[in-house]
Amino acid sequence: MLGNGLAALGRNGTNIIMALGQSGLMLFNAIWALPNFSKNAPLVIKQLYVVGVQSLAIILVSGLFIGMVLGLQGYTILIGYGAENSLGPMVALSLLRELGPVVTALLFAGRAGSALTAEIGLMKATEQLSSMELMAVDPLRRVIAPRFWAGFISMPILALLFSSIGIIGGHLVGVEWLGVDVGNFWSVMQAAVDFQDDVLNGVIKSLVFAFVVTWIAVFRGYSCEPTSEGISKATTQTVVHASLVVLGMDFVLTSLMFGE
Amino acid sequence: MNNRKIEILVGGFICIGLAALLFLALSVANTSSVTNGETYRLYGKFDNIGGLKVRSPVKVGGVVVGRVTDISLDQESYLAVVSMDISGRYKGFPESSTLSILTAGLLGEQYLGLEPGFIMPGEDPESQILTDGDTIQDTKSALVLEELIGQFLFSQSSED
Amino acid sequence: MSADNIVELKKVTFSRGERVIYDAIDLHIPRGKVVAVMGPSGIGKTTLLRLIAGQIKPDQGSINFDGQIINKMSRPELYEARKKMSMLFQSGALFTEMNVFDNIAFPIREHFDLCPDVLQSMVLMKLNSVGLRGAAELMPSELSGGMARRAALARAIALDPQLIMYDEPFTGQDPISMGVLLKLIRQLNDALGLTSIIVSHDVSEVMSIADYAYILANKKIIGQGTPDKLFKSESPLIHQFLAGEDDGPVPFHYPAQPLEQQLKEIFD
Ligand SMILES: Nc1ncnc2c1ncn2[C@@H]1O[C@H](COP(=O)(O)OP(=O)(O)O)[C@@H](O)[C@H]1O
Ligand SMILES: [Mg+2]
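Computed from a predicted structure; not experimentally measured. (Residues numbered from 1 in each chain as written. Chains lettered and ligands numbered in written order. Predicted model: local features only at pLDDT ≥ 70, side-chain atom pairs only at ≥ 80, totals over all residues. Heavy atoms only, no water.)

A. Quick peek at the overall build of chain C. Each helix and strand counted, chain C has 10 helices and 10 strands in total. A compact globule built from 268 residues should have a C-alpha radius of gyration of about 18 Å, and chain C, at 21 Å, falls within 12% of that. Taken along its principal axes, the extent of the C-alpha atoms in chain C is 75 × 40 × 40 Å. Here chain C holds 268 residues, and 49% of them are scored as buried. If you take every contact in chain C between residues at least 6 apart in sequence, the share linking residues at least 24 apart comes to 63%. In the form shown here, chain C has an accessible surface area of approximately 13,000 Å², with 54% of it arising from carbon and sulfur atoms. Charge-centre separation for chain C: the mean point of 27 positive side chains lies 5 Å from the mean point of 32 negative side chains. (Helix = DSSP H or I, 4+ residues; strand = E, 2+ residues; numbered from the N terminus. Rg over C-alpha atoms; globule rule 2.2 N^0.38 Å. Buried < 20%, exposed > 50% of the residue type's maximum accessible area, 1.4 Å probe, protein only. Contact = heavy atoms within 4.5 Å. Areas by Shrake-Rupley, 256 points an atom, 1.4 Å probe, with all protein chains shown as cover. Lys, Arg positive; Asp, Glu negative; His and termini not counted. Charge placed at Lys NZ, Arg CZ, Asp CG, Glu CD.)

Set out below in C-alpha cells:
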C-alpha cells in the first residue's frame, strides 16, 4: 500500500520534472533566437487577432457583469457601516489587484488557451508540423513562437480592459442605480488607488499569468499524442493546469506584492 | 478576412488597451506625481506612529505635498523616525512647522499633517527654512483609540 | 560512399523502447532512380523515411545523405540538408488555414525573398505540372483526396529538391487518381532529375514504375533488386509478399497456442 503510494509519487514527480524540462526547452528554442522582424510581425499580428481580438467580447461582457456585482455586493456590505462612500476604492482595488488579472487569465485559458492547444495538436496529428520540419522550416519558430507572443501580449491588454469596464460597471450600479454620490465615488477611489502599487502590480501579475497560461497551452498542443483522443485530453489539461497554476501563483504574487 | 482588416482590428485592439491604461492612470488612480519629480527629504521623530505606513501621504491643508518613504526605530531614544520625500515644488516651510499624525475620518487611513509655522522676524529667513536632511522638531504622535478611551474613563472616575 | 547513391544506410539499428524496428540494415538509394520500399503495415516504413530525414536518430549505424552523415549533424546543418529533400506525407499534410496557392508558396516564401511576380509564376508552374493551376484559389478542405495529394506533391517539389520521399501515396485513391499519381511520380522524377523513394504496399502499382525495390519484414531487408528479378525470386517470403498470399513464412495467425487446445481449456 505504502509502497504503491510512494511509487506513484515518484512516477508523478519524475513526470512533472520531465514535462517541465521538455516544455522549458521547447520555449527556449521557440523564442530564443533573434526574431526576423519583417517575417514574424505579420504572423504575430494574425495570432493577436485570433487570440486577442476574438477574446474581447467574452472579456468585456464578463468584466462588466463582475463590476456590477461588485458594486451591488459592496454597497450592501458597506452601507451597514455607513461607509458607502468607500464603494469606489472597493470596486477598483478588487478589480485591479485580483479579479482583473485572475479572471482574465481563467477566461483566457478557457477561450484562447484551449483553442491554441487544439489547433497545434491538430496540426501535429495531421503531420503539418512534421512536413514543415521537412521543408526546413522550424515549427517552433513558425508556429509556436508567434502564438506564444500573441498570448503574452494580449492577456495584459485584456486584463486592463476587464478592470476598466468593471469599474464602469461598478459605477453604473453604485452611482447610477443605488445613488452613491458620483463625486465621492471617483475621488475616494482616486485617493485610495495608487498607480504603481495597484495598477502596475496588476499588470505585472497578468504578464506572469500570460506567460504561464500561453506556455502551458502551446506546450500541451505541441507535445500531445497525435490522435483525436490525445488532442481532447491535451485541451482539457490546458484548461485545468492553467487554471490551477494561475490560482496558485496568484496567492504567491499577492503575498509578495501586497503582503507585509 | 483579408490581412488589411486584421491589421486594422489588431491596431484597434492595442489602442483600446492603451486607452484603458490611460483611463486607469488618470481617472482611477492617483499617479502620486508629487513625488515623481525632484524631491527633498525631511525627518520627524514620534513617540508613536500608530498605523502610519510607508507611502502614506504628507498633507498641508489637505493638499498632498509628499510621501512617507521609510519608518525606522532610533536605537538610542527608542523613538520612531519617519523619513518623507517632499516635492520640490513645495519649498520654504519654516523650521517651526508642526508635524502630526492624523486620521482621515474615524476609521480611515492615517497620514502626516504638516502645519507650517512662522518665521521669526529680524533673523536670517534663509536659515529658518527646512531643507534636505532637516528634522522637524515639533511633532504630535498618533492618537491611539485605546489610550483615548482610557484617559476618558480615568477623567470620568476622578471627577466622581 | 559511392557517388552514385544519394542515400546510404549502413548497419542501422533502431528501436522504439524495447521493440526493435530495424536490426542492422544496409540500404542504398541510387541517384536518379525511383526506388520502392515495400513491407507489411507497422513494419517501420514511415520510420525509415523519418530516419533519412533526420527527424529521429538511429541507435547505431550511419545514414548518409548526399555525402553527409545525417545522424551526426547539428540542428542548423540538418535544416540546411533538408532543403535538398522533401517528403509527401501519407495525409498530404497541406496547411489547412491557407489556400492551395499559399501552400505551394509557403516553402519558397520561407527561404527566399522573391518579388511577387516571380513567386507567382514559380508557383503556377509547379501547380501546372500537377494539373492544378485552376485550383490555386481553393482551400485544402475543398479538394478531393487525389487533388490534395497532387497539391502536396506540387509543394514537395517547390524548392527543387534532389530527393522526394513518398509515404504511401496511393492509399485511399480511386484507380484514376492512382494512375495519375503514378504517371506524375515517374514524370517528375525524369523531368526534374530527382530521386524518388516510394513507400507502399500496393505491390503491382509501385512495381510498375520502380527501377529498384526493397522488401522489408522481420526487422530486416528480405529482398531487393529490380522488379523483374524480385518477381522471379525463389524465396518463399518474397513470393508470399508479392503475390499477397494470406499464409506462408509470414503467418496469418498471431502467435498463439493451438486452437483445439484453447477451446478445450474453455470447455473443461
Ligand atoms: N511515435 C511513436 N512512438 C512509439 N512507437 C511508434 C511511434 N511511431 C511508430 N511507432 C511504432 O513503430 C512501428 C513502425 O511504425 P511505422 O514506421 O509507422 O510503420 P509503417 O509505416 O510501416 O506502417 C509501429 O509498430 C508503430 O507502432
Ligand atoms: Mg506508415
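B. Expanded view of the overall build of chain A. What chain A contains, in helices and strands, is nine helices and zero strands. When the helices and strands of chain A are listed from N to C terminus, the series reads α-α-α-α-α-α-α-α-α. In terms of overall dimensions, chain A has a C-alpha envelope of 65 × 60 × 30 Å along the principal axes. Of all 260 residues assigned to chain A, the portion counted as buried reaches 49%. Contacts spanning at least 24 positions in sequence make up 83% of the contacts within chain A whose residues lie at least 6 apart. Taking the average place of the 12 positive charges on the side chains of chain A and the average place of its 15 negative ones, the gap between the two points comes to 15 Å.

C. The arrangement of the site of ligand 1 in detail. All names here are of chain C. Around ligand 1, a shell composed of Arg16, Arg19, Ile21, Ser41, Gly42, Ile43, Gly44, Lys45, Thr46 and Thr47 is seen. A distance of 2.5 Å separates an oxygen atom of ligand 1 from a polar side-chain atom of Thr47. In isolation ligand 1 has 560 Å² of accessible area, and contact with the protein removes 58% of it. Contributions of two or more residues to the shell around ligand 1 are made by strand 2 (19-30) and helix 1 (45-53). The greatest single-element share of the shell around ligand 1, amounting to three residues, is contributed by helix 1. Residue classes in the shell around ligand 1 are distributed as two nonpolar, five polar and three charged. (Near = heavy atom within 4 Å. Polar contact = N/O pair within 3.5 Å; in protein donor to acceptor, adjacent residues only side chain to side chain. Nonpolar A, V, L, I, M, F, W, Y, C, P; charged D, E, K, R; others polar.)

D. Representation of the pattern of salt bridges within the structure. The full count for this structure, using the stated rule, is 20 salt bridges over all chains. When the shortest N-O distance is used, the salt bridge between Asp66 of chain C and Arg31 of chain C registers 2.8 Å. With a gap of 35 residues between them, Asp66 of chain C in the loop between strand 4 (60-65) and strand 5 (68-69) and Arg31 of chain C in the loop between strand 2 and strand 3 (34-38) connect regions that are remote in the sequence. With a relative accessible area of 22%, Asp66 of chain C lands in the partly exposed category. Of the charged contacts in the structure, one is a salt bridge between Arg109 of chain C and Asp102 of chain C, with a shortest N-O distance of 3.1 Å. Of the residues examined, Asp102 of chain C reaches a relative accessible area of 24% and is grouped as partly exposed. Members of the salt-bridge network, linked through shared partners, are Glu98, Lys205 and Asp250 of chain A. (Salt bridge = Lys/Arg side-chain N within 4 Å of Asp/Glu carboxyl O.)

E. Spotlight on the sheet that holds strand 8 (residues 138-140) of chain B. All names here are of chain B. Taken in spatial order, the eight strands line up as 7-1-4-3-2-6-5-8 in an open sheet, and their pairing is mixed. Strands with a single pairing partner mark the edges of an open sheet, and in this sheet they are strand 7 (135-136) and strand 8. Examined bridge by bridge, strand 2 (residues 57-60) and strand 6 (residues 110-115) share two bridges and lie parallel to one another. Pairing of Val58 across the sheet is with Leu112, part of strand 6. (Pairing = 2+ DSSP bridges.)

F. Representation of the sheet that holds strand 1 (residues 5-16) of chain C. Residue and element names in this part refer to chain C. With respect to topology, four strands assemble into an open sheet ordered 2-1-4-5, the strand pairing being antiparallel. Because the sheet does not close on itself, it has two edges, and the strands there are strand 2 and strand 5. By the bridge criterion, two bridges tie strand 4 to strand 5 in an arrangement that is antiparallel. Considered in strand 5, the bridge of Asn64 is made with Ile69.

G. Representation of the interface of chain A and chain B within the structure. Listed as interface residues are 28 residues of chain A and, on the opposing side, 23 residues of chain B. A combined buried area of about 2,200 Å² lies between chain A and chain B, and 77% of that area is made up of carbon and sulfur atoms. The largest contributions to the chain A side of the interface with chain B come from Tyr49, Gln190 and Phe195 of chain A, which together make up 25% of the buried area. Here chain A and chain B share zero salt bridges between them. Where chain A touches chain B, the interface holds one residue pair in polar contact (both at pLDDT 80 or more). Residue assignment for the side of chain A that touches chain B shows that the elements contributing at least two residues are helix 2 (37-52), helix 4 (87-125), helix 6 (139-177), helix 7 (182-192) and helix 8 (195-222) of chain A. (Buried area = accessible area lost by both parts, 1.4 Å probe.)

H. Representation of the packing of aromatic side chains within the structure. What the rule picks out here adds up to 10 aromatic pairs over all chains. Ring geometry for Phe148 of chain A against Trp149 of chain A: centres 5.6 Å apart, planes inclined by 70°, an arrangement best described as edge-to-face. Here Phe148 of chain A and Phe152 of chain A contribute two aromatic rings whose centre-to-centre distance is 6.1 Å and whose plane-to-plane angle is 10°, an arrangement assigned as stacked. Of this pair, Phe148 of chain A and Phe152 of chain A both sit in helix 6, four residues apart, roughly one helical turn. The exposure class of Phe148 of chain A is buried, given its relative accessible area of 1%. What links up through ring pairs into an aromatic cluster is the set Phe148, Trp149, Phe152, Phe211 and Trp215 of chain A. In this structure, Lys59 of chain B is placed above the aromatic ring of Tyr111 of chain B, and the distance from its NZ or CZ to the ring centre is 4.5 Å. (Phe/Tyr/Trp six-rings, centres within 6.5 Å; stacked < 30°, edge-to-face > 60°. Lys NZ or Arg CZ within 6 Å of the ring centre and 35° of its normal.)

I. Quick peek at the environment of Gln47 of chain A. Residue and element names in this part refer to chain A. Looking at the element boundaries, Gln47 is found in helix 2. Looking at Gln47, the relative accessible area reads 5%, which means it is buried. Between the C-alpha atoms of Gln47 and Val143, which are 96 residues apart in sequence, the distance is 9.9 Å. Setting aside anything within four residues of it in sequence, one finds Gln47 in contact with Gly52, Pro146, Arg147 and Ala150.

J. Fine view of empty space enclosed by the protein. Per the counting criterion, the structure on display carries two cavities of 30 Å³ or more. The set of elements that each furnish at least two residues to the lining of the largest cavity consists of helix 5 (128-134) of chain A together with strand 6 (85-88) and helix 5 (145-156) of chain C. Approximately 60 Å³ is the volume attributed to the second largest cavity. Lining the second largest cavity we find Leu96, Pro101, Ala159, Leu160, Ser163, Asp198, Val199, Gly202, Val203 and Ser206 of chain A. Listing elements by their share of the lining of the second largest cavity, those giving two or more residues are helix 4, helix 6 and helix 8 of chain A. Looking at which element gives the most residues to the lining of the second largest cavity, the answer is helix 8 of chain A, with five residues. (1 Å grid on protein atoms, 1.4 Å probe; cavity = no way out; pocket = protein on both sides within 12 Å on 5 of 7 lines; lining within 4 Å. Points joined across faces, edges and corners; volume = space filled by probe spheres on them.)

K. Molecular detail of the arrangement of the chains. Considering every one of the two pairs of chains in contact, the largest contact total is recorded for chains A and B. One finds no contact linking chain B with chain C; the least C-alpha distance across the pair is 12 Å.

L. A look at the interface of chain C and chain A. With 25 residues of chain C at the contact, the number on the chain A side is 17 residues. Carbon and sulfur atoms make up 54% of the area that chain C and chain A hide from each other, which totals about 1,900 Å². In terms of surface lost to chain A, no three residues of chain C exceed Tyr79, Phe95 and Glu110 of chain C, which account for 25% of the buried area on that side. Put simply, Arg50 of chain C and Glu127 of chain A hold a salt bridge, and the shortest N to O gap is 3.6 Å.

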